[in-house]
Each structure stands twice: as C-alpha cells, then as structure tokens.
Amino acid sequence: MTTTNAPAAAGTAPAAADPLLDVSGVTMRFGGLTAVNDVSLTVGRGEIIGLIGPNGAGKTTFFNCLTGLYVPTEGTVTYQGTVLPPKPHLVTQAGIARTFQNIRLFANMTVLENVQVGRHSRMRQGLLSAVLRGPGYHRSEAESREKAMELLEFTGLAGKADHLARNLPYGEQRKLEIARALASEPGLLLLDEPTAGMNPQETRAAEELVFAIRDRGVSVLVIEHDMRFIFNLCDRTAVLVQGQKIVEGDRETVQSDERVITAYLGAPLEGTAPVTETDQ
Ligand SMILES: Nc1ncnc2c1ncn2[C@@H]1O[C@H](COP(=O)(O)OP(=O)(O)OP(=O)(O)O)[C@@H](O)[C@H]1O
C-alpha cells in the first residue's frame, strides 16, 4: 500500500473552500437535553478531518445526524451541493459511508460476503433478475465479488475472505467494517472510533489505512479518543464539548486552546501545555 503520510494541507484555515460536506447549524435535542448545539463543519475534497471531545460530548449523535439515523432538530447537511434527506439509504446512495463505534458486522457471514453486502447500494440488478438468476445476475455477482476482493486486498484481509467474520481478531473486524463501508464507493467516509480496542501496532496500521483511503480520493471525517492518531492524520480537528463546537483548527491551534485543556482536564492549567495522548 503506497500512502502519503502527511495531512493534505496542514495548517489550513478552519473551512474548506469548496466543501464536499457542508454541515450548517445542526442541533439535536432529546427532550430537554441538547446533545448537539448549532454545530457547523465542512469537509473538503481530499481532507481528513478529526472530531474529538470528552465522553458524552455529542460526537456520535452528530454522526447520526449526518447519516440520516437522526433527523436533526435544526440545521442542514449538504453533500456535493445538495441538501441530504435524513434517510440512511439515501445518504449512502449520495456517497457517504460510515463505520460504527460498536462493530456491526454480519457475524455468521464470511468476510467476502460482508463486503459484498456493502456493495448493495451500487448494484444495478433488480429484484426480478436476482430471483430468476439470469445472465445479468451472474455478471453482476462476478463484478461484485471482484470489487469486494479488491477491497479485501486493499485492507489486507484478502487471505481471510472465506473466514467467518466472527472468527476475525478484533482489529481485523474493524478493518472489515471499513472495507464494507468502502464497498458503497463513497466520496466521504465517517469513522467512529476506528482504533477503539486496538493495540499500538494496529493503531499505527489503521493510520496508514486512513491515509491510503484519502489517497484513493475518499475524504474522511473521524471521531477518535487517541490524540496521537488524530494529530498524526488530520488536516483540521474540531472539538465538541457538551454539544458545542468550541474550537476547530490545526494541531497547534487545538492543542494550545485553553478551553480544550479545560474540557479534558476539568480545570484550566497554568500556561497552555499541549494535550497529549495520555490526557484522555
Ligand atoms: N437516542 C438518544 N436519546 C436520548 N439521549 C441520547 C440519545 N443518543 C445520545 N444521547 C445523549 O446525547 C449525549 C451525547 O451522546 P453521544 O453518544 O453523542 O456522545 P459522544 O461524544 O459520542 O460520547 P462517547 O465519546 O462516549 O462515545 C449524551 O448525553 C447521550 O446520553
């Protein structure tokens, strides 16, 4: 895998000029609780953007608002210039794919089948053709298998194509989730804590994988608690605290922001010591 191990444009201003994703004023309330409060964010083509914040800050809720799992109380999500309807299958068709904090694989299907399921939104064969199993169906199946195998090569799982998903080690299950998400041929991939439960070696490999995904032309928005992972990868990082975006910028901007330090450590520090991966 050949990757470019550097953010696309470190130190950029906190907004993409011609955004692929343009989130404007998204608010999500659950009864009296405002989980996400008036959050705006852009992701440009070829960017890797980080989303960090303490537990319960609203990060996953924000993802759910982007992907149609939740209908935001207020605000809009625009992808490639079109406002997205809050329906997961339409969001996938539009070109946004995601992984979940808690792995959601089909445990009793093979690794290859899991990726083929991810291609469902890009299959052109209708129900009738699938039922009759005509030549079109067989062609489509062969193409689906070939594309799924390419993604397994890309993620390093080709040797396990016939294994049941539930038998993969944890780190490989996370990779498989990413392969399945890529199978829908997204322009934007949302990763929710992709390194949770990984050892340091697996985490470094996951970094390489995210760079390689970006190099395939897929932009990435990633939630992660591992600060080193975030700051190694991301062109910009946004910080959510109690549902609000308190700062967004490059590594230096985020690490030296006193509000970030306060949010993570609970009290302002003397000076502006940078946040490190041990400060989670
Ligand atoms: N469906 C829901 N109904 C009610 N409250 C919810 C719902 N989903 C999330 N919340 C609440 O919204 C707040 C934000 O939760 P969320 O899971 O988005 O945070 P997070 O930043 O992703 O946290 P973590 O880092 O621990 O995963 C929490 O107080 C949570 O309890």
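Described in the following lines is the structure provided in the data block. As the structure is a computational prediction, the values presented were derived from the model and not from experiment. (Residues numbered from 1 in each chain as written. Predicted model: local features only at pLDDT ≥ 70, side-chain atom pairs only at ≥ 80, totals over all residues. Heavy atoms only, no water.)

Here's the deal with the packing of helix α3 (residues 111-118) against helix α6 (residues 170-182)
Closest axis-to-axis distance for the α3/α6 pair is 7 Å, and the angle between their directions is 35°. As for the relative orientation of α3 and α6, their crossing is right-handed in sense. Contacts between α3 and α6 pair V111, N114, V115 and G118 from the former with L176, A179 and R180 from the latter. Classifying every residue of the contact of α3 with α6 by side-chain character gives four nonpolar, two polar and one charged. (Axes fitted to C-alpha atoms, helices over the stretch in contact; angles between N-to-C directions. Helix = DSSP H or I, 4+ residues; strand = E, 2+ residues; numbered from the N terminus. Left-handed = near helix turned anticlockwise from the far one by under 90°. Contact = heavy atoms within 4.5 Å. Nonpolar A, V, L, I, M, F, W, Y, C, P; charged D, E, K, R; others polar.)

Looking at the packing of α6 against helix α7 (residues 200-215)
Between α6 and α7, whose axes approach to 11 Å, the crossing angle comes to 10°. Put simply, α6 runs roughly parallel to α7. The segment α6 lies against α7, with G171, K175, I178 and L182 engaging E202, L209 and I213. Looking at the contact of α6 with α7 residue by residue, the classes come out as four nonpolar, one polar and two charged. (Parallel < 35°, antiparallel > 145°, perpendicular 65-115°, else oblique.)

Some words on the pattern of salt bridges
A complete count under the given rule lists twelve salt bridges for this structure. In this structure, R29 engages E74 in a salt bridge whose closest nitrogen and oxygen atoms are separated by 3.2 Å. Within this pair, whereas R29 is found in strand β1 (residues 19-30), its partner E74 is found in strand β4 (residues 74-79), the two being separated by 45 residues in sequence. With relative accessibility at 39%, the residue E74 sits in the partly exposed group. As a salt-bridge pair, K245 and E248 come within 2.5 Å of each other at their nearest N and O atoms. (Salt bridge = Lys/Arg side-chain N within 4 Å of Asp/Glu carboxyl O. Buried < 20%, exposed > 50% of the residue type's maximum accessible area, 1.4 Å probe, protein only.)

Overview of the sheet that holds strand β8 (residues 219-223)
Strand order in the open sheet made by the six strands is β6-β7-β8-β3-β9-β10, with mixed pairing throughout. Bordering the open sheet on either side are β6 (96-98) and β10 (244-249), each of which pairs with just one other strand. On average, each strand axis in the sheet is inclined to that of its neighbour by 20°, with strand direction left out of account. As defined by bridge partners, β6 adjoins strand β7 (residues 188-192) across three bridges and the pair is classed as parallel. Counterpart to I96 in the pairing with β7 is L188. Along the sheet, α7 makes contact with β3 (48-52), β7 and β8, crossing β3 at roughly 135°. (Pairing = 2+ DSSP bridges.)

Description of the sheet that holds β1
Spatially, the four strands line up as an open sheet ordered β2-β1-β4-β5, and their pairing is antiparallel. Since the sheet does not close on itself, it has two edges, and those belong to β2 (33-44) and β5 (82-83), each with one partner. Where β1 and β4 come together, five bridges link them in antiparallel fashion. Within β4, the position partnered with S24 by the bridge is T76.

Observations concerning the site of the ligand
Taken together, 15 residues sit near the ligand, with G56, G58, K59, T60 and T61 positioned nearest. Backbone polar atom of G58 to an oxygen atom of the ligand: 2.9 Å apart, as the coordinates give it. The side chain of T61 places a nitrogen or oxygen atom 2.5 Å from an oxygen atom of the ligand. Where the shell around the ligand is concerned, the elements lending two or more residues are β2 and α1 (59-66). Ranked by residues supplied to the shell around the ligand, first place goes to α1 with three residues. Split into classes, the residues belonging to the shell around the ligand amount to six nonpolar, seven polar and two charged. (Near = heavy atom within 4 Å. Polar contact = N/O pair within 3.5 Å; in protein donor to acceptor, adjacent residues only side chain to side chain.)

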